[in-house]
Amino acid sequence: MTTTTKRPNDNKAVRDDDVDEPFRNSLVRKAALRTITRLQGGYRKDNPAAVAAVARLRREAGREAHASPTSWGLADLEALTELREEEWREGSGPSRYLSSKARRWHELREEREDRAVHLAVTLWALHQQSLRDEPMHVPDWPLGRGVRRLAHGKTGTQDPKPQSGEHADGEPSDASSGEGRKAEPVEDVSPTVRKRFVRIGTSADFDTLGRRLREMVLLLRNAHIPLDYGLLAEQLYRWQDEATQSDVRRSWGRDFHRLYGRATPDDEQDTSTAPVSAPDQPVDDAGD
């Protein structure tokens, strides 16, 4: 819900979503990506530390950030805390000495950040489960794009390369049009997948949104279709504010209807060399 409060040391009333929101969005995105890029490469190489950390994250899927003691010390929330501390050291973060009203405002904003990062990273851990050949976090794969591909019954990120003079679907191309691929009508998408996507967009609260996203992620995992989890974390943060929630819904719908060129291996971000820290728990409790 959008609230109104006063900025510390300022007599002007402002809405919480008007203050430094581009910066907050960036903070949430960076926190999610700091964890995912550190773990994804190691997990795909079957590094015990990464496997253990991802297993812990996956088990927290569906649980509220910080509410369960088993979530304390998880990599996603640790990354967010580290970035906040960097803010304070650089002097770009809020003062630690705030009025009670301003402090509550910052606490509410941090709760939104916690929820967004925790949900995005645990969704990725669920998405990457048992997949070693491909990364399930890939830049420039927004939710709408991934769901559209799933709804057309496709898998992975690449279509078979068409023969010369053919569309991607094997039909003759119109050389005069200059097009090398035929757009697949949105009317041809799976009604079941579309219905699930619509239910995500009509979620009335964050818990419902998280549950419906998990259901979709399981379908995407089966089809080996990735998502951009940095972008998703930012959208989850903005979704929690009534003032920007409709903007997030529009982005999801717009990405679902947008036509994308053929994906190539160069479109994927290589995270295989990302460093991996010590495991968050004993390796024998890692699972897969």
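The shown structure was predicted, so the numbers you read here are calculated from the model rather than taken from an experiment.

A. Region of the structure containing the confidence of the model for the protein. On average, the protein scores 77 in pLDDT, and the residues at 70 or more come to 66%. Counting interchain partners and residues more than four positions distant, the pLDDT-below-50 stretch residues 1-19 has 41 contacts. Here residues 168-180 scores under 50 on pLDDT; set against residues more than four positions off or in separate chains, the count is 22 contacts.

B. Molecular detail of the packing of helix α8 (residues 229-239) against helix α9 (residues 242-257). Contact pair α8 / α9: the axes reach a minimum separation of 7 Å and the direction vectors enclose 145°. Of the residues in α9, those touching α8 at L232, Q235, R238 and W239 are T244, Q245, D247, V248, R249, S251 and W252. Of the residues contributing to the contact of α8 with α9, the split by class is four nonpolar, four polar and three charged.

C. View of the pattern of salt bridges. With the rule as written, the count across this model stands at 13 salt bridges. Between E215 and R196 there is a salt bridge, and its shortest N-O distance comes to 3.4 Å. Of this pair, E215 sits in helix α7 (residues 206-223) while R196 is found in helix α6 (residues 191-201), placing the two residues 19 residues apart along the sequence. When its relative accessible area of 30% is taken as the criterion, E215 is described as partly exposed. Ionic pairing is found between D247 and R250, a salt bridge with its closest N-O pair at 2.4 Å. Of this pair, D247 and R250 both sit in helix α9, three residues apart, which is roughly one turn of the helix. With relative accessibility at 45%, the residue R250 sits in the partly exposed group.

D. Just the nonpolar core, in detail. Within the largest apolar cluster, 51 residues are counted, with the highest numbers of intra-cluster contacts made by L236 and W252. The dominant element in this core, judged by the number of residues it contributes, is helix α4 (residues 100-128), at eight residues. Beyond its immediate stretch of four places on either side in the chain, L236 contacts A116, L119, A120, F206, L209 and L213.

Conventions we followed
Residues numbered from 1 in each chain as written. Predicted model: local features only at pLDDT ≥ 70, side-chain atom pairs only at ≥ 80, totals over all residues. Heavy atoms only, no water. pLDDT = per-residue confidence, 0-100. Contact = heavy atoms within 4.5 Å. Axes fitted to C-alpha atoms, helices over the stretch in contact; angles between N-to-C directions. Helix = DSSP H or I, 4+ residues; strand = E, 2+ residues; numbered from the N terminus. Nonpolar A, V, L, I, M, F, W, Y, C, P; charged D, E, K, R; others polar. Salt bridge = Lys/Arg side-chain N within 4 Å of Asp/Glu carboxyl O. Buried < 20%, exposed > 50% of the residue type's maximum accessible area, 1.4 Å probe, protein only. Core = buried A, V, L, I, M, F, W, Y, C linked by side-chain atoms within 4.5 Å.

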